[in-house]
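In case you want the letters, here they are:
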Amino acid sequence: MDALVLTVILTSVPLILAATGELIAEKSGVLNLGVEGMMLMGAVAAFAVTSLSGNPYFGMIAAACAGGITAGVFAIFALGLATNQVATGLALTIFGAGLSGLIGAPYVGGTIDGLTVIVVPFLSDLPVLGGLFFKLDLLAYLSILMLGLVGFFLNNTRAGLILRAVGNNHDSAHALGYSVLRVRCVAVIFGGVMAGLAGAYLPLVLTPHWSEGMTAGRGWIALALVVFASWMPSRILIGALLFGGITIMQLVGQARGWEMPSQFLSMLPYLATIAVLVLISRNRNFALMRAPAHLGRIFIGTK
Amino acid sequence: MKLNKFVILLGIVVLAGLAFIMSSQKAPEKAAGVADDKKVKVGFVYLTTPGDHGWTYAHEVGRQDVIARFGDKVETTYIENVPEGPDAARVIRDLAKQGNDIIFTTSFGYMDPTLKVAKEFPEIKFEHITGYKRAPNMATGNIRFYEGRYVQGVVAGLMTKSNKIGYIASFPIPEVIQGINAFGLGLRSVNKDAEVSVIWVNSWYDPVKEADAAKVHIAEGADILAQHTDSPAMLQTAEKAGVYGFGQSSDMKAFAPKAQLFSSVNNWGIYYINKIQALIDGSWTTGEGPDHWAGNTWAGMADNFLVLSAFENMPDDVAKAAQKAADDIKSGANKIFTGPIRDNTGAEKVPAGKTLNDGELFTTLDYYVEGIVGKIPG
């Protein structure tokens, strides 16, 4: 049972990382649908650099940079040139999938030594909990840490307030003298860095491989998680664990011979996401209140 | 207006005439065989990249065998990452237009596209791997993969301590069901208590999902893993967790030196070389297959189409038992699907003394044999 719970936690980590990054971008009013593409760029960078250098931590750093740079491309178009964010984000996903495949071509079939487990002294000796939460890898610890920091940042700091102001009404924020584009640019790049790290988790921890399109839709789930969580960091954690749990449960169900079509079981995680989105959207006022009011709107600053 | 219509009509007649002349000029060129001074051009369509170290890698090894055998008498081209389905027709047609003399399409899902293009290019030979649709210029070839899986079942039955075997499967198609059932028959021939649970990942190549499925099997108590998917992810997971497993399509020892018991290796080179030689000699035919479903060529361990890598990480007596099982299959002493065979509800499906013929292996296996848990999906 412990091993299953641990598998669920590991499956959830990339979702937490990517959703945390996207949360910040969306809170600043930018809808970046390119998470999947940025994750793929992170994954291929992590694999390539680790296989060249032999050090997975270099791979991790490379993934963060690759994600950040990919997000930078998005920022140039969607912020600098004020292109449509939805179209640009979709283009970024397609671009990321193609470019990562090209970069990764020589690495297909190779293998690397991924991140090792870091045992937290004392705490790891706790019964049950110790084995589950204190014998993880650096990125898993980082995902929880970043989620906490982002929560604190948004609710308890002045910079967080400015970020939310920009996302809720960019004209007002602009009139108050805040640089809307600069804030959004930083937020988007932060989102990219986190998505890159999320992508890195696949080859560095989950399976030491590179294969084209290996994120297999996890970027889209991360995007859905942000809405699912109604832009609240704590709920991202719940949503990610729920999604990870269902993903693993469908495999367990098959292993135990539950009589259900495996195609249906494979569909379950996505079905659950849609169901929860419908439930959340039932209370329209709540959703509207939480959503950044200027999400996806183009801002053209006046000099 | 009248003139216009006349001009168009005339144009059509002229074009049709030209097309007729050109096609009638082309036809006699390639009546039989390939002239000595001409290079044979061979095209391959790959499902993934040779870097998958599984299915496509095995085909790439076959292509290298062809080059080693024929040297500069052949010119080979391959196209990788070709999605199964209608889009494949475009790729196959491209290869045909480039003047390839024979084209091998290496996955089940290329069946209809290959047939379609084969009809458009009657002078080119097509070889479809693992399918059952044919044309006068389109043959099918397949390997008896299930023979290796029977031996895997024997080894698994002797090696397991928990009596729980985890099997990772791709899609519920005949070839995969044959494999699972052959594994079950091998397992139960040596161990009446062991059980196999199957996880379908609905993909041929998805390392993350394959690894997840392997982790779940191990968490559920499995100590031996088998796979009918193409990446080495399952074996790597097994290596990490300290359990054992079998490699698929190619020798995967490099990925799991302590966990791999053996791999069933697909040896396509022998098939490719035979068919290309026949083309050069002018003796190429589709061949009369054993059966509609099984294809024109369906060979296994006896013909070296399927090769088992070295038996490793197991005690000597287990390795001996595995060798004996393999020898019995090669000699024909063990036909594997010979009754009595019961399904996993206990109902007798094949009476004692009867052996399923090749066609029946494709059309009647809609159940799991004893020892396999659950039901075939879909």
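If you're wondering where the values come from, they're calculated on a predicted model, not measured in any experiment. (Residues numbered from 1 in each chain as written. Chains lettered and ligands numbered in written order. Predicted model: local features only at pLDDT ≥ 70, side-chain atom pairs only at ≥ 80, totals over all residues. Heavy atoms only, no water.)

Engineer: I'd like a rundown of the pairing of strand β2 (residues 74–79) of chain B, residues and numbers included.
Structural biologist: Across 6 bridges, the pairing between strand β1 (residues 40–45) of chain B and β2 of chain B is parallel. Along β2 of chain B, the bridge assignment pairs Phe44 of chain B with Tyr78 of chain B. (Pairing = 2+ DSSP bridges. Helix = DSSP H or I, 4+ residues; strand = E, 2+ residues; numbered from the N terminus.)

Engineer: Quick rundown of the pairing of strand β5 (residues 138–143) of chain B? Include the residues and the values.
Structural biologist: All names here are of chain B. Counting buried positions over the 6 residues of β5 gives 6, a clear majority of the element. Neither face of β5 is left uncovered, since the one carrying Met138, Thr140 and Asn142 and the one carrying Ala139, Gly141 and Ile143 both have all their residues buried. Bridge count for strand β4 (residues 125–129) against β5 is 4 bridges, and the pairing is parallel. The partner of Ile129 across the bridge, within β5, is Gly141. Where β5 lies against strand β11 (residues 297–299), 3 bridges are found, and the strand directions are parallel. Its bridge partner being in β11, Asn142 is matched across the sheet by Trp298. (Buried < 20%, exposed > 50% of the residue type's maximum accessible area, 1.4 Å probe, protein only.)

Engineer: Which residues make up the interface of chain B and chain A, and what are the values?
Structural biologist: Facing the 32 residues of chain B at the interface are 32 residues of chain A. Of the roughly 2,500 Å² buried between chain B and chain A, counting both surfaces, carbon and sulfur atoms make up 56%. Glu220 of chain B serves as the salt-bridge partner of Arg256 of chain A, at 2.5 Å between the closest nitrogen and oxygen. Linking chain B with chain A are 7 residue pairs in polar contact (both at pLDDT 80 or more). Every element with two or more residues in the side of chain B that touches chain A is listed here: β7 (195–200), α7 (207–219) and α8 (233–241) of chain B. Tallied by class, residues from the side of chain B that touches chain A come to 15 nonpolar, 9 polar and 8 charged. (Contact = heavy atoms within 4.5 Å. Buried area = accessible area lost by both parts, 1.4 Å probe. Salt bridge = Lys/Arg side-chain N within 4 Å of Asp/Glu carboxyl O. Polar contact = N/O pair within 3.5 Å; in protein donor to acceptor, adjacent residues only side chain to side chain. Nonpolar A, V, L, I, M, F, W, Y, C, P; charged D, E, K, R; others polar.)

Engineer: Could you give an account of the packing of helix α11 (residues 233–255) of chain A against α7 of chain B, naming the residues involved and the relevant values?
Structural biologist: The N-to-C vectors of α11 of chain A and α7 of chain B enclose an angle of 55 degrees; their axes lie 9 Å apart at closest approach. In terms of their interaxial angle, α11 of chain A and α7 of chain B are classed as oblique. The element α11 of chain A and its partner α7 of chain B pack so that their crossing is right-handed. Every residue of α7 of chain B that contacts α11 of chain A at Ile248, Gln250, Leu251, Val252 and Ala255 of chain A is listed here: Lys209, Asp212, Ala213, Val216 and His217 of chain B. A class-by-class count of the residues in the contact of α11 of chain A with α7 of chain B yields 6 nonpolar, 2 polar and 2 charged. (Axes fitted to C-alpha atoms, helices over the stretch in contact; angles between N-to-C directions. Parallel < 35°, antiparallel > 145°, perpendicular 65-115°, else oblique. Left-handed = near helix turned anticlockwise from the far one by under 90°.)

Engineer: Tell me what's going on with the pattern of salt bridges, and back it up with residues and numbers.
Structural biologist: Residue and element names in this part refer to chain B. Summed over all chains, the structure comprises 10 salt bridges over all chains. Among the ionic pairs, Asp87 bridges to Arg90, the shortest N-O distance being 3.3 Å. Separated by 3 residues within a single helix, Asp87 and Arg90 lie in helix α3 (residues 87–97), roughly one turn from each other. Residues Asp112 and Lys133 are paired through a salt bridge, measuring 2.7 Å at the closest nitrogen-oxygen approach. Residue Asp112 is located in helix α4 (residues 111–120), and its partner Lys133 is located in the loop between β4 and β5; the two are separated by 21 residues in the primary sequence.

Engineer: Tell me about the domain arrangement of chain B, and name the residues and values.
Structural biologist: Residues and elements named next belong to chain B. Partitioning chain B into structural domains gives domain 1 (38–143 + 268–302) and domain 2 (145–265 + 307–363). Using only C-alpha atoms to locate each centre, domain 1 and domain 2 end up separated by 28 Å. Between domain 1 and domain 2 the total buried area reaches about 1,900 Å² when both faces are included, carbon and sulfur atoms providing 70% of it. Applying the counting criterion to the domain 1 and domain 2 interface returns 0 salt bridges. Between the two partners, domain 1 and domain 2, sit 3 residue pairs in polar contact (both at pLDDT 80 or more). Among the elements of the structure, α2 (55–70) and β5 are those that each provide at least two residues to the side of domain 1 that touches domain 2. Tallied by class, residues from the side of domain 1 that touches domain 2 come to 12 nonpolar, 6 polar and 2 charged. (Domains from an automatic or database assignment.)

Engineer: Describe helix α2 (residues 35–53) of chain A, and please don't skip the residues or the numbers.
Structural biologist: Residue and element names in this part refer to chain A. An ideal rise of 1.5 Å per residue puts 27 Å on 19 residues; α2 measures up with 26 Å between its terminal C-alpha atoms. Here α2 lies mainly inside the structure; 15 of its 19 residues are buried. Gly54 occupies a position one or two residues after α2 and carries a positive phi of about 80 degrees. (Expected span 1.5 Å × (residues − 1).)

Engineer: How would you summarise the packing of aromatic side chains if you had to cite specific residues and measurements?
Structural biologist: All names here are of chain B. With the rule as written, the count across this model stands at 22 aromatic pairs over all chains. Plain terms: the ring middles of Phe44 and Tyr46 are 6.2 Å apart, the flat faces sit at 45 degrees to each other, and that makes the pair tilted. By the ring-pair criterion, three or more aromatic residues cluster together here, those being Phe44, Tyr46, Trp55, Tyr78, Phe104, Phe145, Trp268, Tyr271, Tyr272 and Phe305. Between the NZ or CZ atom of Arg69 and the centre of the ring of Phe70, over which it lies, the distance is 4.9 Å. The ring of Trp298 has Arg144 sitting right over it, with the charged end atom 4.1 Å from the ring centre. (Phe/Tyr/Trp six-rings, centres within 6.5 Å; stacked < 30°, edge-to-face > 60°. Lys NZ or Arg CZ within 6 Å of the ring centre and 35° of its normal.)

Engineer: So what about the side chain of Ser231 of chain B? Which residues, and what values?
Structural biologist: All names here are of chain B. Examined against the element boundaries, Ser231 turns out to sit in the loop between β8 (224–227) and α8. A distance of 2.8 Å separates the side chain of Ser231 from the side chain of Glu210, its partner in a polar contact. Within the structure, Ser231 has its side chain in polar contact with the backbone nitrogen of Ala233 (distance 3.1 Å).

Engineer: Give a detailed account of the sheet that holds strand β12 (residues 306–308) of chain B, specifying residues and quantitative values.
Structural biologist: Residues and elements named next belong to chain B. Within the open sheet, the 6 strands sit side by side as β7-β6-β8-β9-β10-β12. Their pairing is mixed. Strand pairing shows two members of the sheet lacking a second neighbour, β7 and β12, which therefore form its edges. Geometrically, the sheet is characterised by an average inter-axis angle of 20 degrees between neighbouring strands, direction not taken into account. Of the pairings in the sheet, the one linking strand β10 (residues 260–266) to β12 comprises 3 bridges and is antiparallel in character. Note that in β12 the partner of Asn266 across the bridge is Leu306.

Engineer: Account for the nonpolar core, naming residues and giving values.
Structural biologist: Ranked by size, the top nonpolar core spans 96 residues in total, and within it Val151, Ile276 and Phe337 of chain B carry the most contacts. Broken down by element, this core gets its largest block of residues, 8 residues, from helix α5 (residues 145–159) of chain B. Per-domain counts for this core show at least three residues from each of domain 1 (38–143 + 268–302) and domain 2 (145–265 + 307–363) of chain B. Residues in contact with Ile276 of chain B, not counting those within four places in the same chain, are Val40, Val42, Val66, Phe70, Val74, Ile102 and Phe104 of chain B. Membership of the second largest hydrophobic core comes to 80 residues, among which are Met39, Ala198, Trp210 and Leu225 of chain A. (Core = buried A, V, L, I, M, F, W, Y, C linked by side-chain atoms within 4.5 Å.)

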